[in-house]
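As a plain string of letters, each chain reads:
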Amino acid sequence: MSETAYPPVSQHLSDVEAAREEGRRKMDWALQHMPILNALREEFVDEQPLAGETIAMAMHVEAKTANLVELLAEGGAEVAITGCNPLSTHDDVSAALDAHESITSYAVRGVDDDEYYDAMHACIAHEPTITVDDGMDMVKLVHEEYPGLIDSIVGGAEETTTGVDRLRAMDADGELHYPVFAVNDTPMKQLFDNVHGTGESSLATIAMTTNLSWAGKNVVVGGYGQCGKGVAKKAAGQNANVIVCEVDPRKALEAHMEGYEVLPMAEAAAKGDVFITTTGNRDVITREHFAEMSDGVLLANAGHFDVEVNLDDLDDLAVDRYEVRDGVEGFEMEDGRVLNVIAEGRLVNLAAPIALGHPVEVMDQSFGVQAVVVRELAANGDAYDAGVHDVPDELDREVADIKLAAEGVEYDELSDEQREYMGSWEHGT
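Reading the values: rules and limits
- Residues numbered from 1 in each chain as written.
- Predicted model: local features only at pLDDT ≥ 70, side-chain atom pairs only at ≥ 80, totals over all residues.
- Heavy atoms only, no water.
- UniProt positions renumbered as here; feature names shortened; annotations may be inferred.
- Pairing = 2+ DSSP bridges.
- Helix = DSSP H or I, 4+ residues; strand = E, 2+ residues; numbered from the N terminus.
- Axes fitted to C-alpha atoms, helices over the stretch in contact; angles between N-to-C directions.
- Contact = heavy atoms within 4.5 Å.
- Polar contact = N/O pair within 3.5 Å; in protein donor to acceptor, adjacent residues only side chain to side chain.
- Patch = residues over 30% accessible without salt bridge, like charges linked within 9 Å, V, L, I, M, F, W, Y side chains within 5 Å.
- Areas by Shrake-Rupley, 256 points an atom, 1.4 Å probe, with all protein chains shown as cover.
- Salt bridge = Lys/Arg side-chain N within 4 Å of Asp/Glu carboxyl O.
- Lys, Arg positive; Asp, Glu negative; His and termini not counted.
- Charge placed at Lys NZ, Arg CZ, Asp CG, Glu CD.

- The name given to the protein chain in an unreviewed UniProt entry is Adenosylhomocysteinase, with the source organism recorded as Halorubrum coriense DSM 10284.
- Quoted verbatim from the Pathway (unreviewed entry) field of the UniProt record, the comment on the protein chain reads "Amino-acid biosynthesis; L-homocysteine biosynthesis; L-homocysteine from S-adenosyl-L-homocysteine: step 1/1."
- Recorded under Function (unreviewed entry), the UniProt text for the protein chain is reproduced unchanged: "May play a key role in the regulation of the intracellular concentration of adenosylhomocysteine."

### Let's talk about the sheet that holds strand β15 (residues 387-389)
Part 1 of the argument: Within the open sheet, the 7 strands sit side by side as β3-β2-β1-β4-β5-β6-β15. Their pairing is parallel. The sheet is open, and its two edges are formed by β3 (103-105) and β15, each paired on a single side. Averaged over all pairs of adjacent strands, the angle between their axes in this sheet comes to 20 degrees, without regard to strand direction.
Part 2 of the argument: For strand β6 (residues 179-182) and β15, the ladder comprises 3 bridges, and the chain directions are parallel. Bridged to Phe 181 within β15 is His 389.
Part 3 of the argument: Along the sheet, helix α7 (residues 161-172) contacts β5 (155-158), β6 and β15; its crossing angle with β15, the most-contacted strand, is approximately 135 degrees.

### Structural notes on helix α10 (residues 249-257)
Part 1 of the argument: Its side-chain oxygen placed 2.8 Å from the backbone nitrogen of Arg 250, Asp 248 serves as the N-cap of α10.
Part 2 of the argument: Note on α10: the residue one or two positions beyond its end, Gly 259, has a positive phi of about 100 degrees.

### Things to note about a negative patch on the surface
Part 1 of the argument: Taken together, Asp 112, Asp 113, Asp 114, Glu 115 and Asp 118 make up a surface patch of like negative charges.
Part 2 of the argument: Relative to the assigned elements, Asp 112 resides in the loop between β3 and α5 (113-124).

Listed below in structure tokens is the structure:
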């Protein structure tokens, strides 16, 4: 693989062998609970569907992701990977990946902004034919600084809501010049990863980071999309009182009909004990809201970027700021109140010091979709025009079938008569 100016993770660590051993241990544990990736691994090893492809990836580099990366490499690809968040990389897992002969990992935890993009440049220097993104930073960088590579890139895949939103905006402006599959938008991603994954992992991470209970607390959820629904549902299941803040009248009505209190953030600010943003937008919680909050509140973000809780506003209001617990920073207001920010306002379920991301079983499903989409690009990339594409439904169903078979679950099929009935407009009373 190409040599680049930014060194792989193995050159950043003092004890590489120990890191690789621990990273492999984490990957092996996760893989025991990933039947979809295991099934696809057998197919990919036998058929080598990715032979000749070079894949550049910007993802959360932890054990579950690592098993996807290794699957792609075992399927014949050369893979270069870096992080998509400065705080979500597990260095030991990254080191374990870097030991693979077909994988170069540049992901290092705790990098600054310059190092973050240096590592991404290093991935792109491998001259990818396929990109896999979580947040769209890789696609953006290719288009802005490496337009000469676009003709040789057959396509890409995008993992998360924020990335798909950015891609659709880019596509609408006529600036997206190769096809990208919106993996985030498939039923196998939306119904499980966004709801159960985000809900369970965000609440678990906050609870473990703070050692506080959810029971009886007022939990304010910013946004009632799929991720917000998951956070609200799981918080209610932990006996919290849930307040939802929304800008879409239909989603606000949906939250109301689900039994949640719905308030503007300006009113919820005075009632909340814990605030969790899930919108993918900026300035969900700002100066006016901080002024109304109670002493000791927790502020966490479950959206992709660290712009949902306006930390510049909070810093301006604070007379002091200090670490109150590992992963929790207290901002002391002039009147003595302390507002607590978890994981620097970054993606809480991956950026907090003890964060492990979504449950393994959930990510098995999402990464199964990623794998079959990359396989589709390698086989049929020329069939797709530049722009954002829905994942073909048969690929999403394939992943569901693998999971059900692994679980020993059988389900019904339509008869020929039922298929004809559902496909006809002529049947009536």
